Every structure is written in structure tokens, then in C-alpha cells.
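Listed below, chain by chain, are the residues.
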Amino acid sequence: MILCAGEALIDMLPRTSTGGEPAFVPHPGGAVFNTAIALGRLGVPTGFFAGLSTDLFGTRLAEALAASRVGTGLCPRPARPTTLAFVTLHEGQARYAFYDEATAGRMLTPADLPALPDHTRALFCGGISLMTEPCGSAYEALFLREAGARVTMLDPNIRPGFIADAPAYRARIARMIAAADIVKISDEDLHWLEGPGEPCDLARGLLGRGPRLVLLTRGAGGAHALGRAAERFLPAPAMQVVDTIGAGDSFNAGFLAGLSKAGALERAALAQGLPDSVLEAALSLAIRAAAVTVSRAGANPPWMEELA
């Protein structure tokens, strides 16, 4: 099982009513939630961990996970509200306004952390759940606790407007990068963390801090997999982009699914360096999954049969 630990929320997506007025439609979402959904649809045994509300929206989130074959047995179910994220689109790029005070997801604490089942092969963390308290401390504690015991992957998926304490957040991300086996980061997030510079050079700099592999995504410019002994690059296919919601999350799932299907989702395999064929196949699956996602509205990752 791959366990995805982090936020689940409701994306309020912009639409137009039948009367022609601007409106918002609720859709299950959240970066880590989307990654779990995508993994389940790609046929990988997947679990999800977060505080899931018992309210209307929390029930909808749990049902969406189950429909994509994702287990929620580790999730606490408090009677708190669900986080809402109102989305606006600017030239196809999503911008977010979050409503997160005292929610089921945000109020997760280190005391809520479960013991992970022995068959948990990998742990994925990231997203806005690392930017707020007390849940940020809880997810960091889980990540650092499990590092060394199973494959760990981090995608910061930074939302600068959501960060209340930038120095503390930067320190947290630095600790988690040092503990991660795989770090996936967009060029935009990389510049926020590391400042100006050539993105591949900045990504290579992260390798010296602990990770075995850094995945650098550049939107329509394709993606790089940078390891200590080998590097691969694949271009993104030409697609008609509807919006970019969930694209990076589908990329994460595709890469983890590729490693899982190749029998390479092991810390020893990553330490030895993945064969070029395995690295390229996983990168290809990640890019193809993301490409399908951007071709349709909202975070709607593909099922495996769509990528055959």
C-alpha cells in the first residue's frame, strides 16, 4: 500500500449558472487527496490519512475516495467542518482562497497519528497541510517517523498566500527534504524555496541534502528526473489545456505507480540508482497521467485503462 497523508477539501470551482451568473460548484479535492485518487485509479493499493469531517462535505470526500478504491480506515472522523477552497482561473492557471479555520483537517494533531500497517510500502506527503498548525506538525512528525522504514516522497505544492509563518515553513520543508527519498517540485515552487537560478541546477542542489531522486516539473516544458547517478528528461505531450487543477497530483501518482509496477518502490532500489528504463517508464506514466488531467475540467485523474 502507498499511504497519502495530507489535506482533503472541497474545491469550489467557478462555473456559470443557467441564468448566466457566476457560480461555484463543489468538487472533492486537495493536493494529497487528488494524488490518492489518482493512485487508486491507476490500480495501486492506496490508503489515505487525514482528518475527515462527518459533515456533508466530509462524507462526500470519503465516498469519492472509496469510489476510486482508496482506503480510509486510518482517518479520524471529527465533527468539525470541512476545508473549502474557492478557485478562480487566470489564463488557465488556478488560484485559491482557502477557508480553513478549526476544520477537521487542520485540527489533526500528533496524538492522532496511527501505527502504519506492515504492508505500507511508501508514504506520500505535501500540500497545504504542511503550512498550518497543528496539522503541519502532525504530518511532519509522521514523515520523519517513517523515513528510513519505507519510501518517503514529498511534494511541497506551495501556496504562498496560505503561509502564515514563512521562516517556520521553510525550516519544516528543509527537514522533510532531508528525510525524503523522492522530492517532486515544480519550477515555480523551486524558485520560491531556492531563489533565482537555472531550475535543474537548483534541483541538483536538493540532492545534496538527502533525497535519492528529485523530480522537477516545468508544466508544458516537460519534466526531469534527477538522481545522483543518472538524469532523464521527457517532454510534455501537446494537449488542449482546460485547466491545470490536479495536474501535479496526477504526476505524483503516475510516478509512484510506475515504480510500484516495476517492483522498484523500495528504498534499496532508490539507493542503488534506478535503471534508465525504469526511470523513463515511471516518468512517462507520470507525464501522461498529468496530460489527461489538464485536458478536462477540475481534478479528474485518469483510470489506468485510459493510459493503455
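The rules behind these values
- Residues numbered from 1 in each chain as written.
- Predicted model: local features only at pLDDT ≥ 70, side-chain atom pairs only at ≥ 80, totals over all residues.
- Heavy atoms only, no water.
- Salt bridge = Lys/Arg side-chain N within 4 Å of Asp/Glu carboxyl O.
- Helix = DSSP H or I, 4+ residues; strand = E, 2+ residues; numbered from the N terminus.
- Buried < 20%, exposed > 50% of the residue type's maximum accessible area, 1.4 Å probe, protein only.
- Polar contact = N/O pair within 3.5 Å; in protein donor to acceptor, adjacent residues only side chain to side chain.
- Contact = heavy atoms within 4.5 Å.
- Core = buried A, V, L, I, M, F, W, Y, C linked by side-chain atoms within 4.5 Å.
- Phe/Tyr/Trp six-rings, centres within 6.5 Å; stacked < 30°, edge-to-face > 60°.
- Lys NZ or Arg CZ within 6 Å of the ring centre and 35° of its normal.
- Arc of directions from axis to C-beta.

Let us look at the pattern of salt bridges. Counted by the stated rule, this structure contains 14 salt bridges. Across the salt bridge formed by Asp181 and Arg267, the nearest N and O atoms sit 3.2 Å from each other. Here Arg267 lies in helix 8 (residues 267-272) and Asp181 lies in the loop between helix 4 (166-179) and strand 10 (182-186), a separation of 86 residues in the sequence. The class for Asp181 is buried, based on a relative accessible area of 2%.

Our focus in this paragraph is the side chain of Thr103. With respect to the helices and strands, Thr103 occurs in the loop between strand 7 (93-99) and strand 8 (122-126). Only 3.2 Å separates the side chain of Thr103 from the backbone nitrogen of Arg106, close enough to count as a polar contact. Filtering out sequence-adjacent residues up to four positions away, Thr103 remains in contact with Arg80, Pro81, Thr82 and Thr83.

Time to look at the nonpolar core. The biggest cluster of nonpolar side chains holds 96 residues, and the ones touching the most others in it are Phe48, Ile182, Phe255 and Leu259. Here this core gets ten residues from one element, more than from any other, and that element is helix 9 (residues 276-294).

Relative to the assigned elements, Asp155 resides in strand 9 (residues 151-155). Under the relative-accessibility criterion, Asp155 is labelled buried at 3%. One polar contact links Asp155 to Lys184, side chain to side chain, over a distance of 3.2 Å. Residue contacts for Asp155: discarding those within four places in its chain leaves Phe124, Cys125, Gly126, Gly127, Lys184 and Asn252.

We now examine the packing of aromatic side chains. The tally for this structure, following the rule as stated, stands at six aromatic pairs. Ring centres 6.2 Å apart and planes at 75° place the aromatic pair Phe49 and Tyr139 in the edge-to-face group. Here the residue Phe49 occupies a position in strand 4 (residues 46-49), and Tyr139 occupies one in helix 3 (residues 135-146), the gap between them amounting to 90 residues. Taking the relative accessible area as the measure of exposure, Phe49 reaches 0% and is therefore buried. With relative accessibility at 1%, the residue Tyr139 sits in the buried group. Between the aromatic rings of Phe86 and Tyr99, the centroid separation amounts to 5.5 Å while the plane-to-plane angle is 80°, which identifies the pairing as edge-to-face. In this pair, Phe86 is assigned in strand 6 (residues 84-90) and Tyr99 in strand 7, connecting sequence segments 13 residues apart. Of the residues examined, Phe86 reaches a relative accessible area of 25% and is grouped as partly exposed. Three or more aromatic residues link up through ring pairs in this structure, and these residues are Phe24, Phe86 and Tyr99. Over the aromatic face of Trp192 sits the side chain of Arg170, whose NZ or CZ is 3.9 Å from the ring centroid.

This paragraph deals with helix 5 (residues 187-194). Taken residue by residue, helix 5 has Asp189, Leu190 and Leu193 as its buried positions. On an axial view of helix 5, the arc spanned by its buried residues comes to 100°, and they lie on one face. Its buried side turned inward, helix 5 meets helix 4, strand 10, helix 6 (199-207) and strand 11 (213-217). Following helix 5 by one or two positions, Gly195 has its phi on the positive side, about 90°.

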